[in-house]
Amino acid sequence: MNWAKKIDQRMPFALKLAGAFIAIIMIGIIVVYILLQGTMVATFQDYSNQTSIIHAQGMAPFFAYYFEQNGNWQEVEKLLTAMNSAHGPLGEHLVLADATGEVLGPYDSQYFGQVLAPTLLNRGAPIMLGGRRVGTLFAALGVSTPPLLEISFLNAIQRSILLAGVAAAGIALIIGFLIIRQMTRPLRQLSSATREITAGKWEHQVEIHSKDVIGQLGKDFNTMAQKLHRSEALRQRMIADIAHELRTPLTVLQGNLQGLREGVFEPEPKFFSSLHDECVLLSRLVNDLRDLSLAEAGELYLNSQLQSIEPLIDRALKHLHPLFEQQRISLCREIEVELPPLFVDSDRVVQILINLLSNALRYTPAGGKITIRAECMSQSVQVSILDTGLGIRKEDLSNVFERFWRADSSRDRKSGGSGLGLAIIKNLIEAHGGAIWVNSEEGIGTCFTFSLPIKGS
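Thresholds, definitions, all that
- Residues numbered from 1 in each chain as written.
- Predicted model: local features only at pLDDT ≥ 70, side-chain atom pairs only at ≥ 80, totals over all residues.
- Heavy atoms only, no water.
- Salt bridge = Lys/Arg side-chain N within 4 Å of Asp/Glu carboxyl O.
- Helix = DSSP H or I, 4+ residues; strand = E, 2+ residues; numbered from the N terminus.
- Buried < 20%, exposed > 50% of the residue type's maximum accessible area, 1.4 Å probe, protein only.
- Pairing = 2+ DSSP bridges.
- Axes fitted to C-alpha atoms, helices over the stretch in contact; angles between N-to-C directions.
- Contact = heavy atoms within 4.5 Å.
- Expected span 1.5 Å × (residues − 1).

Colleague: Please clarify how the pattern of salt bridges should be interpreted in this entry.
Modeller: Any two side chains of opposite charge can pair if their charged atoms end up close together. According to the stated counting rule, one finds seven salt bridges in the structure shown. Among the salt bridges present, the one from Arg333 reaches Glu310, with a minimum N-O distance of 3.7 Å. With Arg333 in strand E6 (residues 330-335) and Glu310 in helix H8 (residues 310-326), this residue pair connects regions lying 23 residues apart in the sequence. On the basis of relative accessibility, which here comes to 37%, the residue Arg333 falls in the partly exposed class.

As structure tokens, this is what we get:
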């Protein structure tokens, strides 16, 4: 059956659909034809039997008179033959049985000389004389000559059914062709759009003309194409940003080392301190990129344990306490009492808190205030870090968690960070099953909030 499989693989979808449509039509016509034919033949046979009985009942008094005049059924076969001949081949043929059920005539009846069963006798018209049954008369019972008029009528009906079926099939095929064409048009457009996307034309979109499942498919395709386009743009921008971020410290290192080799710079402690700072920046950037790639790939290892969030907040604040004093920024703690324990990686959560607090410190002017708040929600613990800093523009809020994005593009990487911190934070929180979001207003401040699920919720 390999050849059938190959034909099926090479056959166009529209042709397969048309073939299935034609097969359904043909099966429907055959089933309807068989059912109608059986019903029609049975109904017509009942009608014919009833007509024959009525005809026999009409002739029964004549044969009763014949029996009364002759006292028996002698020579009645001749009478039957003469009467049947007079009606011709298309008329009702009469068959007579005596009181015992024996068929007396005509000779061409297949029942001639036989004794009919009571069930068959009940189908005839009784011939009554003096209150007793002297015989039974049938119309067209077991006649060897076929009823040509009935056969002709049935054949005409069958031809009409076939012609009607063929006409209905033709109309259905025309309508089916239009439906198939309407169905396959958006599929062809999707196929063409897929080739365009494969060729790198990410902006290509398909036209949507309906709201059915095909229209939904087109809508989903357009959404997918837009996300692919955005992902490709982010990938290209990320490569460019990484190259830019690496170029600056490498250029500084290369220039300073070249100057040292050529004797332009003296090997002083201050000089080596500058080189060390650049190496630290490079190391931090590489580590951030590594953490981000592992988090986005879902391969970041988490050493999760059951513990409270409050000591983790204390660890982060202790680490940043000198910066709060140095920048003269006040700290406000609003930690809810007896928070439920969380199943988290303590080091990663401290990393999240330090990043968010450092970000708040970076953009909060001297004399400002930072508030850290932790409270229990229905199924999670929610932590918020509010500052009274510069705030973020409304149009930039959707970009804060993207790689290499900075609220102030004029800041260098020393003052503004590598631009990977918030992207790493988002992935770390999502790796714990939580979520993070931001609210901000220019000139008033920014609030970063993240939630971590309570174990068992």
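Let's pick the thread back up.
Colleague: Explanation requested: the sheet that holds strand E3 (residues 125-129) in the structure shown.
Modeller: Backbone hydrogen bonds are what pair the strands of a sheet, in a parallel or an antiparallel way. One open sheet holds the four strands; their spatial order is E2-E1-E4-E3, and the pairing between them is antiparallel. Lying at the two open borders of the sheet, with one neighbouring strand each, are strand E2 (103-105) and E3. Strand-to-strand twist across the sheet, computed as the mean angle between neighbouring axes with direction ignored, equals 35°. Pairing of strand E1 (residues 94-98) with strand E4 (residues 132-139), which is carried by five bridges, proceeds in the antiparallel orientation. In the strand pairing of E4, Val95 is matched with Phe138.

Colleague: Quick question: what am I supposed to make of the sheet that holds E6 here?
Modeller: Taken together, five strands build an open sheet; the order of strands is E6-E8-E9-E11-E10 and the sheet is mixed. Across the chains shown, the open sheet's two edge strands, defined by having one partner strand only, are E6 and strand E10 (435-441). Put simply, the sheet's adjacent strands are angled 10° from each other on average, direction ignored. Alignment of strand E8 (residues 369-376) against strand E9 (residues 380-387), held across seven bridges, turns out to be antiparallel. Looking at E9, one finds that Ala374 is bridged to Val383. Running at roughly 175° to E6, H8 makes contact with E6 and E8 of the sheet.

Colleague: Before we go on, may I ask you to explain H8 in this structure?
Modeller: For an α-helix, the turn length of 3.6 residues means that residues three or four places apart are oriented alike. Look at H8: 24 Å from first C-alpha to last across 17 residues, which is about the 24 Å you get at 1.5 Å a residue. Three or more residues of H8 are buried, namely Leu312, Ile313, Ala316, Leu317, Leu320 and Phe324. Buried positions along H8 lie against strand E5 (305-307), E6, strand E7 (342-344), helix H9 (346-363) and E8. Of the residues flanking the end of H8, it is Arg328, one or two places downstream, whose phi is positive at about 55°.

Colleague: Would you explain the environment of Pro311 in this entry?
Modeller: On the secondary structure map, Pro311 appears in helix H8. Considered as a pair, Pro311 and Ser346 are 35 residues apart in the sequence and their alpha carbons are 9.4 Å apart.

All we've got here are geometric facts, nothing functional implied.
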